[in-house]
Amino acid sequence: MTQSRTPLMNDRVLPVRPAVGGWPAAACRGADMKTFFPAPGDLATVRRALMICDRCPVRIPCRRYALDNRERYGIWGGLTEETRETLVRIGPPSAESSGSVG
């Protein structure tokens, strides 16, 4: 019997990142997925993931994907779980706060 290649964390299946076939230019392509799903409190791994995201040409689409699909786990588009949760909670900027004049 072969071992499953599906990444697991705490016995939960982790989502498959779109870079695996969807975004060939992604900086995370080929990287160890554990980098983007670090153990709680593993700040060194979080920093490593954020550095990879920082130089990624598809960081913004990845970020949008994670927010649109309410990804609960991992680092996506340079956003941690906590940051995404905060952004979802506060919602999109209003026209007034973004400086638009209507």
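Check the entry above for the structure.
Residues numbered from 1 in each chain as written. Predicted model: local features only at pLDDT ≥ 70, side-chain atom pairs only at ≥ 80, totals over all residues. Heavy atoms only, no water.

Focus on the packing of aromatic side chains
Then step 1. Scanning the entire structure with this criterion turns up two aromatic pairs.
Then step 2. A ring pair is formed by Phe-37 and Trp-76, whose centres lie 6.4 Å apart and whose planes are at 85°; its orientation type is edge-to-face. Note that Phe-37 is positioned in the loop between strand 2 (12-13) and helix 1 (43-54) and Trp-76 in the loop between helix 2 (59-68) and helix 3 (81-90), a separation of 39 residues in sequence. Each member of the pair Phe-37 and Trp-76 is classed as buried.
Then step 3. Here a set of aromatic residues connected by ring pairs shows up, and it is made of Phe-37, Tyr-65 and Trp-76. (Phe/Tyr/Trp six-rings, centres within 6.5 Å; stacked < 30°, edge-to-face > 60°. Helix = DSSP H or I, 4+ residues; strand = E, 2+ residues; numbered from the N terminus. Buried < 20%, exposed > 50% of the residue type's maximum accessible area, 1.4 Å probe, protein only.)

Overview of the environment of Arg-55
Then step 1. For Arg-55, the location among the structural elements is in the loop between helix 1 and helix 2.
Then step 2. The exposure class of Arg-55 is exposed, given its relative accessible area of 58%.
Then step 3. Along the backbone, Arg-55 and Gly-78 are 23 residues apart, and their C-alpha atoms lie at a distance of 9.7 Å.

Looking at the nonpolar core
Then step 1. In this structure, Ala-26, Phe-36 and Ile-75 are the most contacted members of the largest nonpolar core, which totals 17 residues.
Then step 2. At the level of secondary structure, the elements contributing two or more residues to this core comprise helix 1 and helix 2.
Then step 3. For this core, the element with the most residues is helix 1, which contributes four residues. (Core = buried A, V, L, I, M, F, W, Y, C linked by side-chain atoms within 4.5 Å.)

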